[in-house]
Amino acid sequence: MTLPDRARLALAFDPARLQADLAAVEAMTWTDHFVRQNYEGQWDVLPLRHQAGATHPIMQAYTPPEATDFVDAAILDRTPYFRSVLAAIPCPLKAVRLMRLTPGSRIKEHADHDLAADWGQARLHIPITTNPGVTFLINRVPVAMAPG
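In this text, all values refer to a predicted model and were calculated from it rather than measured experimentally. (Residues numbered from 1 in each chain as written. Predicted model: local features only at pLDDT ≥ 70, side-chain atom pairs only at ≥ 80, totals over all residues. Heavy atoms only, no water.)

S.K.: What is the right way to read the overall build of the protein chain from this model?
M.R.: Counting its secondary structure elements, the protein chain contains three helices and eight strands. Mapped in sequence order, the helices and strands of the protein chain form the string α-β-β-β-α-β-α-β-β-β-β. Relative to the 2.2 N^0.38 estimate, which gives 15 Å for 148 residues, the radius of gyration of the protein chain is 15 Å and therefore close to what a compact globule would have. With respect to the three principal axes, the spread of C-alpha positions in the protein chain is 40 × 35 × 35 Å. The burial tally for the protein chain puts 26% of its 148 residues in the buried class. Pairs at least 24 residues apart make up 63% of the contacts formed inside the protein chain by residues separated by at least 6 positions. Put simply, the protein chain shows about 9800 Å² of open surface, and 55% of that area lies on carbon and sulfur atoms. Averaged over its 14 positive side-chain charges, the protein chain has a centre that lies 3 Å from the centre of its 15 negative ones. (Helix = DSSP H or I, 4+ residues; strand = E, 2+ residues; numbered from the N terminus. Rg over C-alpha atoms; globule rule 2.2 N^0.38 Å. Buried < 20%, exposed > 50% of the residue type's maximum accessible area, 1.4 Å probe, protein only. Contact = heavy atoms within 4.5 Å. Areas by Shrake-Rupley, 256 points an atom, 1.4 Å probe, with all protein chains shown as cover. Lys, Arg positive; Asp, Glu negative; His and termini not counted. Charge placed at Lys NZ, Arg CZ, Asp CG, Glu CD.)

Right under this line is the structure:
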């Protein structure tokens, strides 16, 4: 059986409330994305959930494929709407990160080799802010990604 390369979940979230929680943490220290060959410009990360026991910011942003135990980051205490969004997702959550790409930056074509629906895993994207100049592609096909 071949699984689709994308699916839209029957979930929607309030963009204004997402943006309010983002504003509450935007001035915090974000970590540069650690896979530099996958982007040009500035792409950084703020973990909301991470591997249990990870204390260094890089290790909180990175998830080893063999990781099985995950915990909420303290930042969720400051972002109640983010916490409710995560609670609305009807599956176990592993790593959850805010990711920020600055204007003029670009994520290069790449594959997330450690994720596959065949293995019971998926990456979810919930846009918080965007603009008309952003094009999000999956297998070179544009996907509309509006906030919420």
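Still more to cover.
S.K.: What's the story with the layout of surface pockets in this structure? I'm lost.
M.R.: Any space left empty among the atoms is revealed by the rolling of a water-sized probe across them. The calculated volume of the second largest pocket comes to roughly 190 Å³. In terms of lining, the second largest pocket is formed by Met28, Thr29, Thr31, Val45, Leu46, Pro47, His50, Pro57, Gln60, Ala73, Ala74 and Ile75. For the lining of the second largest pocket, the secondary-structure elements that each account for two or more residues are strand 3 (43-51) and helix 2 (57-61). Residues that form the lining of the second largest pocket fall into these classes: eight nonpolar, four polar and no charged. (1 Å grid on protein atoms, 1.4 Å probe; cavity = no way out; pocket = protein on both sides within 12 Å on 5 of 7 lines; lining within 4 Å. Points joined across faces, edges and corners; volume = space filled by probe spheres on them. Nonpolar A, V, L, I, M, F, W, Y, C, P; charged D, E, K, R; others polar.)

S.K.: Would you take a moment to explain the side chain of aspartate 21 for this structure?
M.R.: Within the element layout of this structure, aspartate 21 appears in helix 1 (residues 15-25). It turns out aspartate 21 is buried and unbridged, and the closest side chain with the opposite charge, arginine 17, is 7.0 Å from it. Residues within four places of aspartate 21 in sequence aside, it is in contact with Thr79, Pro80, Tyr81 and Phe82. (Salt bridge = Lys/Arg side-chain N within 4 Å of Asp/Glu carboxyl O.)

S.K.: How do you make sense of the packing of aromatic side chains when you look at a structure like this?
M.R.: Both the distance between ring centres and the angle between the ring planes are used here to describe each pair of aromatic rings. Taken as a whole, this structure holds two aromatic pairs when the rule is applied. Between the aromatic rings of phenylalanine 34 and tyrosine 62, the centroid separation amounts to 5.4 Å while the plane-to-plane angle is 85°, which identifies the pairing as edge-to-face. With phenylalanine 34 in the loop between strand 1 (31-32) and strand 2 (39-40) and tyrosine 62 in the loop between helix 2 and strand 4 (70-72), this residue pair connects regions lying 28 residues apart in the sequence. Under the relative-accessibility criterion, phenylalanine 34 is labelled partly exposed at 30%. Ring centres of tyrosine 39 and tryptophan 43 lie 5.4 Å apart, and the angle between their planes is 80°; on these two criteria the pair is classed as edge-to-face. Judged by relative accessible area, tyrosine 39 falls into the buried class, the value being 7%. Positioned over the ring face of tryptophan 30 is arginine 100, at 3.9 Å from the centre of the ring. (Phe/Tyr/Trp six-rings, centres within 6.5 Å; stacked < 30°, edge-to-face > 60°. Lys NZ or Arg CZ within 6 Å of the ring centre and 35° of its normal.)

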